[in-house]
Amino acid sequence: MASVAATPARTPNGPGPGEASASFPTVASVPGPQEPEEEGEEEPAEIHLCVLWNSGYLGIAYYDTSDSTIHFMPDAPDHESLKLLQRVLDEIDPRSVVTSAKQDENMTRFLGKLASQEHREPKRPEIIFLPSVDFGLEISKQRLLSGNYSFIPDSMTTTEKILFLSSIIPFDCLLMVRALGGLLKFLGRRRIGVELEDYNVSVPILGFKKFVLTNLVSIDQDTYSVLQIFKSESHPSVYKVASGLKEGLSLFGILNRCRCKWGEKLLRLWFTRPTQDLGELNSRLDVIQFFLLPQNLDMAQMLHRLLGHIKNVPLILKRMKLSHTKVSDWQVLYKTVYSALGLRDACRSLPQSIQLFQDIAQEFSDDLHHIASLIGKVVDFEGSLAENRFTVLPNIDPEIDEKKRRLMGLPSFLTEVARKELENLDSRIPSCSVIYIPLIGFLLSIPRLPSMVETSDFEIEGLDFMFLSEEKLHYRSARTKELDALLGDLHCDIRDQETLLMHQLQCQVLARAAVLTRVLDLASRLDVLLALASAARDYGYSRPRYSPQLLGVRIQNGRHPLMELCARTFVPNSAECGRDIGRVKVITGPNSSGKSIYLKQVAKAVNNATERSLVLVDEFGKGTNTTMETCEDGDDLVFFYQVCEGVARASHASHTATQAGLPEKLIARGKQVSDLIRSGKPIKPVQELLKEKQMENCQTLVDKFLKLDLEDPSLDLDIFMSQEVLPAATTIL
């Protein structure tokens, strides 16, 4: 409870000036905004998908709560088995799937299977059917055009708004437009993210983004697992039990050196959507190669430091839209925008022939400087942290400044008022205070006397009793009522006016939300490429070259990126296939000689190839053509882990078994069976083992017989013979 108090005291001889004091109550210190806290407070992201399928075409739109953005996919052809839809579901893992109650038989069958997939528990999506009228084309267009979007300035006319949205959303994709309309209907009905807000608060939509699944490499989940592209492990910290998993030893894990959360998110997206667009691949490689040059190392490190200040802008914009902005949000946004300006200035000094540098230099517009300047000139960061609310700097609003001066001058003024009040009080009252409490106003506070026991004892002529707190009685007097009328509720007035200024500042920021969203897109891209350049520098990776003319794979001294980190020594291997040198390779060799590692390193090197380029089959069987080189040194077998032309003469399985610690008798028996197979002779059971088994079976039968009660009249020995003795005879004799 904030208050202002002034307290005079009497002398022992009666009323006197005594010592008067004026003070503000102690306010608990508020720690500065810790940026990781802002990241950690984010609620788990949910995706809500709306889908329509008609005449062999698919229309898809989904809402992502992590950035309050609607993503849409232009109408795309799909097979009756809806393989494209299945791929979308596997990738985005939606919380709910919304569709029309009037559906094609294929879609109905597909959704039925989806709802019954037990392996998706506990994240099995909720299937929601809306009336088909909610997906009408005209009503869907109307919903889109009449939506309240913070990224569209209020100054735009209806025509300008239509033109603006038409430049983002392809309205000629009719199924997609209907899916968007159905999604907006669902969001409004479920009130996703604003369930506890007033009904006039709409679901925040901070942008529309197009996504496509063309020119991508199709990789199934088993491949991701086998190649260790991703690998989740239980988190060892007891504080992370709720969040579940952490990234283990994986390709994503060793390459993820991103400084901001959205860079990490984009890197994961690139792994799950590997492109085969050569232009896109080469544009990424150009940036990585630039930062690998020794003279650009300092620039790379400086950019990486700036990227560490790029925080969760969509979450802040969402809070602004809902008027839930926190004190820390302003400081985080301020640092983000100024870091973005630093990125822009740095990229303007870099070669503009590289597209990413050019995009950052041009698209990080002066709107960023305007946002940073507004926040820096208006927001009192120190005062906001002290009061744990939004406060403004001096000289922003003269009326606020005047009220703050009055509020700061109250202690000395109230001291004089308290002296005058004390002169009119009973001589038994040693002291009094005049305090100011927000929302209540000015009160006269006196200490409770020993004689004041019952409530009726609190009554004092000329004063209105209000309440008792901490052995102090609080009253309204004629003077405190006069102060209320004269000064009003200063604290609340200041708070209300500063809140109004905050709202105006929020509107200025939201009107420029588009440039902030673009900052996040380009900064996250730069973050990923800097992370890949850092990994390439540390691990000695080389730039791949893609050629549309080369229908095959050519790898010179390839290395497995994970195995080389775990092995003491790692032997690189080359690989080449296609055209004249053959497109089918069969790798043979002993167990543990490196065949699987060789296959996986080839797979990782051509992860961005088309489905025509590569099929890897492990444990397929014996073959010829290529082998893993070995050498026998007495009883030892030496692995060179080197691919060479030729045929594997032996599997060396017994050596591998010995290394694995199998019993010598078992290994000897394995060699014996192998020799018999090679010579074409029959394989007979080991007599010692056979006799052991016979004795065990005999003992079991004898134990069963001894348990019989021969005096039991209900015992039927014929049944015992037929069910126990005769079946066991084949294993005993």
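Residues numbered from 1 in each chain as written. Predicted model: local features only at pLDDT ≥ 70, side-chain atom pairs only at ≥ 80, totals over all residues. Heavy atoms only, no water.

All right, on to the packing of helix 12 (residues 313-321) against helix 13 (residues 327-348) then. Helix packing for two helices is described by the angle between their axes and how far apart those axes are. Where helix 12 contacts helix 13, the axes come no closer than 11 Å and their chain directions differ by 135 degrees. By the angle between their directions, the pair helix 12 and helix 13 is classed as oblique. In the crossing of helix 12 with helix 13, the sense of the turn from one axis to the other is left-handed. Between helix 12, through Val313, Ile316, Arg319 and Met320, and helix 13, the contact on the second element is made entirely by Asp329, Trp330, Val332, Leu333 and Thr336. Here the contact of helix 12 with helix 13 is composed, by residue class, of six nonpolar, one polar and two charged. (Axes fitted to C-alpha atoms, helices over the stretch in contact; angles between N-to-C directions. Helix = DSSP H or I, 4+ residues; strand = E, 2+ residues; numbered from the N terminus. Parallel < 35°, antiparallel > 145°, perpendicular 65-115°, else oblique. Left-handed = near helix turned anticlockwise from the far one by under 90°. Contact = heavy atoms within 4.5 Å. Nonpolar A, V, L, I, M, F, W, Y, C, P; charged D, E, K, R; others polar.)

Take the side chain of glutamine 103 next. Structurally, glutamine 103 can be placed in the loop between strand 6 (96-100) and helix 3 (105-115). A polar contact of 2.5 Å, which involves the side chain of glutamine 103, links it to the side chain of threonine 99. Residues within four places of glutamine 103 in sequence aside, it is in contact with Val51, Leu52, Trp53 and Thr108. (Polar contact = N/O pair within 3.5 Å; in protein donor to acceptor, adjacent residues only side chain to side chain.)

Let's shift gears to the packing of aromatic side chains. Applying the stated criterion across every chain, the model contains 19 aromatic pairs. A centroid spacing of 5.6 Å and a plane angle of 45 degrees characterise the contact between tyrosine 539 and tyrosine 541, whose relative ring orientation is tilted. You can call tyrosine 541 partly exposed: its relative accessible area is 26%. Grouping aromatic residues by their ring pairs yields a cluster made of Tyr149, Phe151, Phe164 and Phe208. Over the aromatic face of tryptophan 270 sits the side chain of arginine 284, whose NZ or CZ is 3.7 Å from the ring centroid. (Phe/Tyr/Trp six-rings, centres within 6.5 Å; stacked < 30°, edge-to-face > 60°. Buried < 20%, exposed > 50% of the residue type's maximum accessible area, 1.4 Å probe, protein only. Lys NZ or Arg CZ within 6 Å of the ring centre and 35° of its normal.)

Right, let's talk about the confidence of the model for the chain for a bit. Within the chain, residue pLDDT values average 81, and 81% of them lie at 70 or more. Averaged over each element, pLDDT in the chain is lowest for strand 2 (residues 21-23) (32) and highest for helix 11 (residues 297-307) (95). Segment residues 238-243 is flagged for pLDDT under 50; beyond a separation of four residues in sequence, or across chains, it makes one contact in the model. (pLDDT = per-residue confidence, 0-100.)

Before going further, it helps to examine the packing of helix 13 against helix 15 (residues 366-378). At a minimum axis separation of 9 Å, helix 13 and helix 15 run at an interaxial angle of 145 degrees. Pair helix 13 / helix 15 crosses with left-handed handedness. Touching Trp330, Leu333, Tyr334, Val337, Tyr338, Ala340, Leu341 and Arg344 of helix 13 are Asp366, Leu368, His369, Ile371, Ala372, Ile375 and Gly376, all from helix 15. Classifying every residue of the contact of helix 13 with helix 15 gives 11 nonpolar, two polar and two charged.

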